[in-house]
Amino acid sequence: MPAKTPPDALLIDLDKSWDGPGGARIRLRILGSMALMLQTDYVRGTKDGDILEADPVSGSIKQRLLDLGGPGTDLARRHAVYIDVVSSGILLLPARPEYVPLPDISSKLTHFEVEALSVLDVVISKLKPFRSTDIVDIDAMISRRLFTHEEFLLRFQSAVDRFADSALGQGRLRTIVDHFNQVERDSFGVDESEIALPPWVDE
């Protein structure tokens, strides 16, 4: 991992600037490409660094995070990346997402304890938006052989099962499966898998 990636530097400066609610360390769960860069040697430009909206990141803590590091703030301009706090409900995630503690980064901080969504679960989450930058991120992780096709398939099926039960899943699952199959073909170089979907998907 590079000694000082952009998200690493942002978190350190955010910690130094923190004047929000005190007490126990605040757990920050990092998502998206920021999570990839914090766990691997991967580096690419990104405009935002997602933090999961979950206790204790809510209410006044959430607002202070955005005030200090959100779009247009001094921290965001300095590091060319801003903080965005997102709800887990809108994400394509397995039933039990895996979060990886980052003790090397947390040891540099006073107010925060940092975890990152696992590399594989970040890749799964990117199958929903599937922008060009998401495809680049997915390809980069697969090229590093950080997980197998079998692991990718199992985590995706878990995410499909979870997402199918949400209102957001309706009308989106078939497209998401197409994205998954594209990654199988183009990045893994394997045949497309048949994904079990609820009956209502094709109604």
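What you see is a predicted model; the values in this text were computed from it and never measured. (Residues numbered from 1 in each chain as written. Predicted model: local features only at pLDDT ≥ 70, side-chain atom pairs only at ≥ 80, totals over all residues. Heavy atoms only, no water.)

Helix and strand counts for the protein chain stand at 9 helices and 5 strands. In terms of overall dimensions, the protein chain is globule-like: its C-alpha atoms have a radius of gyration of 18 Å, near the 17 Å expected for 203 residues. Across its three principal axes, the protein chain shows a C-alpha extent of roughly 50 × 35 × 30 Å. Looking at the protein chain as a whole, 49% of its 203 residues qualify as buried. Of the side chains in the protein chain, 23 bear a positive and 32 a negative charge, and the two mean positions are spaced by 6 Å. (Helix = DSSP H or I, 4+ residues; strand = E, 2+ residues; numbered from the N terminus. Rg over C-alpha atoms; globule rule 2.2 N^0.38 Å. Buried < 20%, exposed > 50% of the residue type's maximum accessible area, 1.4 Å probe, protein only. Lys, Arg positive; Asp, Glu negative; His and termini not counted. Charge placed at Lys NZ, Arg CZ, Asp CG, Glu CD.)

Among the structural elements, valine 100 can be located in strand E4 (residues 99–101). For valine 100, a relative accessible area of 25% gives the class partly exposed. Between the alpha carbons of valine 100 and proline 71 there is a distance of 26 Å; along the sequence they are 29 residues apart. Once residues lying within four places of it in the same chain are set aside, the contact partners of valine 100 are Gln39, Val114, Glu115, Ala116 and Ser118. (Contact = heavy atoms within 4.5 Å.)

Now for the pairing of strand E5 (residues 112–117). Within a regular beta strand, the side chains point alternately toward one face of the sheet and then the other, so they alternate between its two faces. The buried fraction of E5 amounts to 5 of the 6 residues, a majority that puts the element mostly inside the structure. Both E4 and E5 contribute to a ladder of 3 bridges, which runs antiparallel. When the bridges of E5 are listed, valine 100 appears paired with alanine 116. (Pairing = 2+ DSSP bridges.)

Let us now look at the confidence of the model for the protein chain. When pLDDT is averaged along the protein chain, the result is 89, and 93% of the positions lie at 70 or above. When pLDDT is averaged over each helix and strand of the protein chain, the minimum, 77, is found for strand E2 (residues 48–53) and the maximum, 98, for helix H6 (residues 119–125). (pLDDT = per-residue confidence, 0-100.)

This paragraph deals with the pattern of salt bridges. Scanning all chains against the criterion turns up 14 salt bridges. One salt bridge in this structure joins arginine 64 and aspartate 67, with 3.7 Å as the shortest N-O distance. Placement of both arginine 64 and aspartate 67 in helix H3 (residues 59–69) is noted, with a separation of 3 residues, approximately one turn of the helix. The salt bridge involving aspartate 134 is made with lysine 126; its shortest N-O contact spans 2.9 Å. The exposure class of aspartate 134 is buried, given its relative accessible area of 0%. What you see here is one network of salt bridges that share partners, running through Arg44, Lys126, Arg131, Asp134 and Asp137. (Salt bridge = Lys/Arg side-chain N within 4 Å of Asp/Glu carboxyl O.)

Moving on to the environment of leucine 120. Tracing the backbone shows leucine 120 in helix H6. In sequence terms leucine 120 and isoleucine 138 are 18 residues apart; their C-alpha atoms lie 9.1 Å from each other. Ignoring any residue separated from it by four or fewer positions in sequence, one finds leucine 120 in contact with Phe147, Glu151, Phe152 and Arg155.

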